[in-house]
Amino acid sequence: NSLTPFSLFSDIFIYLFINYLLMILFRLAKKCGRVVRPSHGLVTPPSCETGPSHGVTCYFSCMDDFEVDKNQASCDDGVWSTSPVFSCVGKIPK
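The sections below set out a description of the structure shown in this document. In this text the structure is predicted, and so the values were computed from the model without any measurement.

Calculation notes
- Residues numbered from 1 in each chain as written.
- Predicted model: local features only at pLDDT ≥ 70, side-chain atom pairs only at ≥ 80, totals over all residues.
- Heavy atoms only, no water.
- Helix = DSSP H or I, 4+ residues; strand = E, 2+ residues; numbered from the N terminus.
- Core = buried A, V, L, I, M, F, W, Y, C linked by side-chain atoms within 4.5 Å.
- Buried < 20%, exposed > 50% of the residue type's maximum accessible area, 1.4 Å probe, protein only.
- Contact = heavy atoms within 4.5 Å.

1. As for unusual backbone geometry
Residue Pro-45 is reached from Thr-44 by a cis peptide bond, and omega for that bond is -5°. With respect to the element layout, Pro-45 can be found in the loop between strand 1 (41–44) and strand 2 (57–62). Here the phi dihedral of His-40 falls at roughly 70°; this positive angle occurs in a residue that is not glycine. The topology assignment puts His-40 in the loop between helix 1 (5–29) and strand 1. In this structure, Asp-77 is a non-glycine residue whose phi angle is positive, near 60°. Inspection of the secondary structure puts Asp-77 in the loop between strand 4 (72–76) and strand 5 (79–80).

Encoded structure:
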């Protein structure tokens, strides 16, 4: 077994490619805790209520006659960008 420049390049490429795939799989496996939907609240996408994966942004809204106090939170490497707890407060009639 003699090393040629091509075989050395090939071995390095395979090593880096496998490490890259493992890094991606590891990051995808890191999920954030689930968003608890409050009364009169809506959360999208649905994965937010079961524990979103890395890179998912959860959007919050409320049903008619209610206002949301926070619009969104993102899951970054298993950690929320901001607290995923939100509230729906009844609108004050004008």
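Following the structure, the description resumes.
2. Section: the nonpolar core
Counting twelve residues, the largest nonpolar core is built from Cys-32, Val-35, Val-43, Cys-48, Cys-58, Phe-60, Cys-62, Ala-73, Cys-75, Trp-80, Phe-86 and Cys-88. Contributing elements (two or more residues each) for this core: strand 2 and strand 4. Take this core: its biggest share by element is three residues, from strand 2. Each residue touching Trp-80, except ones within four places of it in the same chain, is listed here: Cys-32, Gly-33, Val-35, Pro-52, Cys-58, Ala-73, Ser-74 and Cys-75.

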